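Analysis of the macromolecular model
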Amino acid sequence: ACGKHVLYDEPPPPFGRSVIYPLIVPANDLPTGPVRKPLIDGLVVTLAAASHGADQPAGQAKLLREPDLQGMTLDEAYTLALGNLDGAARRGEIHVNAEVGSGGRPLDVVWGHDWRAAACLLLPGVRQQALVALVGPNPPATVLRAVIPNRDVLVLFVDPALAQAALAAEKGAPRPISDRVLRVLPTNQPFWIEPPVALAD
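To start, this report covers the structure provided alongside it. On a predicted model such as this, the values are computed, not experimentally measured, just so you know.

1. Description of the overall build of the chain
If you tally the helices and strands in the chain, you get four helices and ten strands. Listing each helix as α and each strand as β along the chain from the N terminus yields α-β-β-β-β-α-β-β-α-β-β-α-β-β. Burial status across the chain gives 47% buried among its 201 residues. Excluding contacts between residues fewer than 6 apart, the proportion of contacts in the chain whose partners are at least 24 apart in sequence is 58%.

2. Some points on the packing of aromatic side chains
Using the criterion set out here, one finds four aromatic pairs in the structure. With centroids separated by 5.8 Å and ring planes inclined at 85°, the aromatic side chains of Y21 and W115 adopt a geometry described as edge-to-face. A residue pair is termed long-range when its members are at least 10 positions apart, and Y21 in strand 1 (residues 20-26) and W115 in the loop between strand 6 (106-112) and helix 3 (126-134) qualify at 94 residues. An identical accessibility class is assigned to Y21 and W115; each is buried.

3. Observations regarding unusual backbone geometry
Trans is the prevailing form of peptide bonds, just as negative phi is the prevailing case for residues other than glycine. Here the amide bond leading from G112 into H113 is cis, since omega sits at 0°, within 30 degrees of zero. A positive phi angle, near 55°, is found at Q70, a position not held by glycine. Mapped onto the elements of the fold, Q70 is located in the loop between strand 4 (61-63) and helix 2 (74-90). On the accessibility criterion, Q70 (31% relative accessible area) is partly exposed.

4. Looking at the sheet that holds strand 9 (residues 182-184)
As summarised here, the arrangement of the six strands in space is 5-6-8-7-9-10, forming an open sheet in which the pairing is antiparallel. The open sheet has two edge strands, strand 5 (96-100) and strand 10 (197-199), and neither has a second partner. When strand polarity is set aside, the average angle formed by the axes of neighbouring strands in this sheet is 30°. In this structure, strand 7 (residues 144-147) lies alongside strand 9, joined through three bridges in antiparallel fashion. Its bridge partner being in strand 9, R145 is matched across the sheet by R183.

5. Considering the side chain of K37
Tracing the backbone through its elements, the reader meets K37 in strand 2 (residues 37-40). The contact partners of K37, leaving out residues within four places of it in the chain, are V44, V45, L74, D75, Y78, F191 and W192.

6. Observations regarding helix 4 (residues 160-169)
Buried within helix 4 we find A163, A166 and L167. The buried residues of helix 4 occupy one face: seen down the axis, they fall within an arc of 100°. Pointing more than 90 degrees away from the buried face of helix 4 are the exposed residues A161 and A169.

7. Comments concerning the pairing of strand 8 (residues 153-157)
Within strand 8, five of the five residues are buried, which leaves the element mostly enclosed by the surrounding structure. Residues of strand 8 alternate between two faces, with V153, V155 and F157 on one and L154 and L156 on the opposite face, all of them buried. When strand 6 meets strand 8, the two strands line up antiparallel, connected through four bridges. Within the sheet, the bridge partner assigned to G112 lies in strand 8 and is V153. In terms of strand pairing, strand 7 meets strand 8 through three bridges, oriented antiparallel. Bridging from a neighbouring strand, A146 pairs with L156 of strand 8. Between the end of strand 7 and the start of strand 8, which pair antiparallel, lie five residues.

Parameters at a glance
Residues numbered from 1 in each chain as written. Predicted model: local features only at pLDDT ≥ 70, side-chain atom pairs only at ≥ 80, totals over all residues. Heavy atoms only, no water. Helix = DSSP H or I, 4+ residues; strand = E, 2+ residues; numbered from the N terminus. Buried < 20%, exposed > 50% of the residue type's maximum accessible area, 1.4 Å probe, protein only. Contact = heavy atoms within 4.5 Å. Phe/Tyr/Trp six-rings, centres within 6.5 Å; stacked < 30°, edge-to-face > 60°. Pairing = 2+ DSSP bridges. Axes fitted to C-alpha atoms, helices over the stretch in contact; angles between N-to-C directions. Arc of directions from axis to C-beta.

Shown next as structure tokens:
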């Protein structure tokens, strides 16, 4: 009767579609309810909305359920999320740099630290961009490896030993995703049609 509890009884205001992004998570760590699409064995992609914008800390992102999709189909929502991620990457919101070795050649390409970084593995063009940085223009057929130890970082390599060393260095980091090296595949299809990665041999 006093009206103090009215705000708690009303549904939260809808978030803007521009703050919906994909997240790669271990299938066993995703609670029942949030949407998901399979990526590779043991990993799925869910959708999250930043509470007050894309620059929110990772803990402030809300995992989305089907009722949160505001009338979009699941494919439409994932397409929107990938488009938002691509836009953020193109605007430089997710920092990318190459670590250079003693010989002056890049050793790896690092995306992060940002709660959307690991999901950049899903974007078309990331493989080619990394190969150009690591091997040079018009790179030959080269195996590109990816490490996503947690959701705040994506590291790309051509040297398998460096990839394994990076995984070892990241053990114990919060929000773990995968302790396996991944092989990045050449595809421009959405990840649910043709996965952009496979487990490395």
